[in-house]
Amino acid sequence: MKGPRREGRGIPLRAVVPNAVTALALCSGLTAIRFAIGEQWEKAVWFILLAAVLDGMDGRIARMLNGASRFGAELDSLSDVIAFGVSPAIILYLWSLQYWPRFGWIFALAYAVCMALRLARFNAMIDSQEQPHKSAGFLTGVPAPAGAGVLLLPIYLWLASDRAWAWAQDWRLVAPWAAIVAFLAISSLATFSWTSFRLRRHVRLEAIVVIALVGGALFTAPWETLSAAVLLYVATLPFSVASYARVRRQRAAAPSHGREPPQPA
């Protein structure tokens, strides 16, 4: 007689694939540092952007394959600290902040530490039932990939000018910008979560055309397109704060009028 059937050992492939994508994002962020050391700024920025794309894919792959796990969530946060906290800080320091002796490194450190604090806060709240921003379809502060993209705006402008705009590399501009982005990362500001948006049926074709045009612009004029995208994102921050304030008012008024709370934006 055969003995009792032994349970399969090992980790299922559906759990390995999203974690492998997360590891690739981590490698991409570290590779960006390697190119920054060699003063290959275009490649350094592209690898940060590649890390952002991979970071956006791993969670969706995990949900699609039913391979989400607490290990993957922790690995994702550790990867984000390196790819979107440490790597952009070092790139910005080597590109500009190192020319401000003693104090330039402090601003690079401040950004990296604030990004680590943001991700630690995210991990601490991951099992919390009380998340008013998330339940309303918003994020708390600027997310890590967006923060890295916003931080590198001076480099985008410098590359868009074919390295002619020396003012964009001036630490007098770069240091305050790094401080502002660090504050936005750890702030409690409500920011739009793009995954919560739903397109109306009659604008889907128009949306596809816009996405195609943006993709074409990104290939033909990448630095101008990235600069415009960052400025547009920063311009949406006041609107996101106002939109969340409106949702809070609606939620506060709903019980007194017997209405259901509003759905996420």
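Residues numbered from 1 in each chain as written. Predicted model: local features only at pLDDT ≥ 70, side-chain atom pairs only at ≥ 80, totals over all residues. Heavy atoms only, no water.

## Remarks on the side chain of Asp 55
Move 1: In this structure, Asp 55 sits in helix α2 (residues 41-64).
Move 2: Look at Asp 55: it is buried, it has no salt bridge, and the nearest opposite charge is Arg 60 at 7.6 Å.
Move 3: Not counting residues up to four positions away in its chain, the partners in contact with Asp 55 are Ala 25, Asp 76, Asp 80, Phe 84 and Pro 145. (Helix = DSSP H or I, 4+ residues; strand = E, 2+ residues; numbered from the N terminus. Buried < 20%, exposed > 50% of the residue type's maximum accessible area, 1.4 Å probe, protein only. Lys, Arg positive; Asp, Glu negative; His and termini not counted. Salt bridge = Lys/Arg side-chain N within 4 Å of Asp/Glu carboxyl O. Contact = heavy atoms within 4.5 Å.)

## Comments concerning the pattern of salt bridges
Move 1: This model, assessed by the stated rule, comprises 2 salt bridges.
Move 2: Its salt-bridge partner being Arg 163, residue Glu 42 comes within 2.8 Å of it at the nearest N-O pair. Pair noted here: Glu 42 is in helix α2 and Arg 163 is in the loop between α7 (153-160) and α8 (171-186), with a separation of 121 residues, a long-range link.
Move 3: A relative accessible area of 39% means that Arg 163 is categorised as partly exposed.
Move 4: Here Arg 172 ties to Asp 170 by a salt bridge, and the two come within 3.2 Å at their closest N and O atoms.

## Structural notes on the packing of aromatic side chains
Move 1: Enumeration over the complete set of coordinates arrives at 9 aromatic pairs.
Move 2: A ring pair is formed by Tyr 93 and Trp 105, whose centres lie 5.0 Å apart and whose planes are at 75°; its orientation type is edge-to-face. You can see Tyr 93 sitting in helix α3 (residues 70-95) and its partner Trp 105 sitting in helix α4 (residues 104-124), a full 12 residues away along the chain.
Move 3: An angle of 65° between the planes, with centres 5.5 Å apart, marks the rings of Trp 95 and Trp 158 as edge-to-face. Of the two residues, Trp 95 is situated in helix α3 and Trp 158 in helix α7; the sequence distance between them amounts to 63 residues. Judged on exposure class, the residue Trp 95 and its partner Trp 158 are both buried. (Phe/Tyr/Trp six-rings, centres within 6.5 Å; stacked < 30°, edge-to-face > 60°.)

## A few points about the nonpolar core
Move 1: Among the nonpolar cores identified, the biggest contains 48 residues, and Ile 91, Leu 92, Tyr 111, Leu 152, Ile 155 and Tyr 156 are the most heavily contacted of them.
Move 2: Residue assignment for this core shows that the elements contributing at least two residues are α1 (13-37), α2, α3, α4, α6 (144-151), α7, α8 and α10 (222-257).
Move 3: Looking at which element gives the most residues to this core, the answer is α8, with 8 residues.
Move 4: Within the second largest apolar cluster, 5 residues are counted, among which are Phe 138, Ala 190, Phe 192 and Val 247. (Core = buried A, V, L, I, M, F, W, Y, C linked by side-chain atoms within 4.5 Å.)

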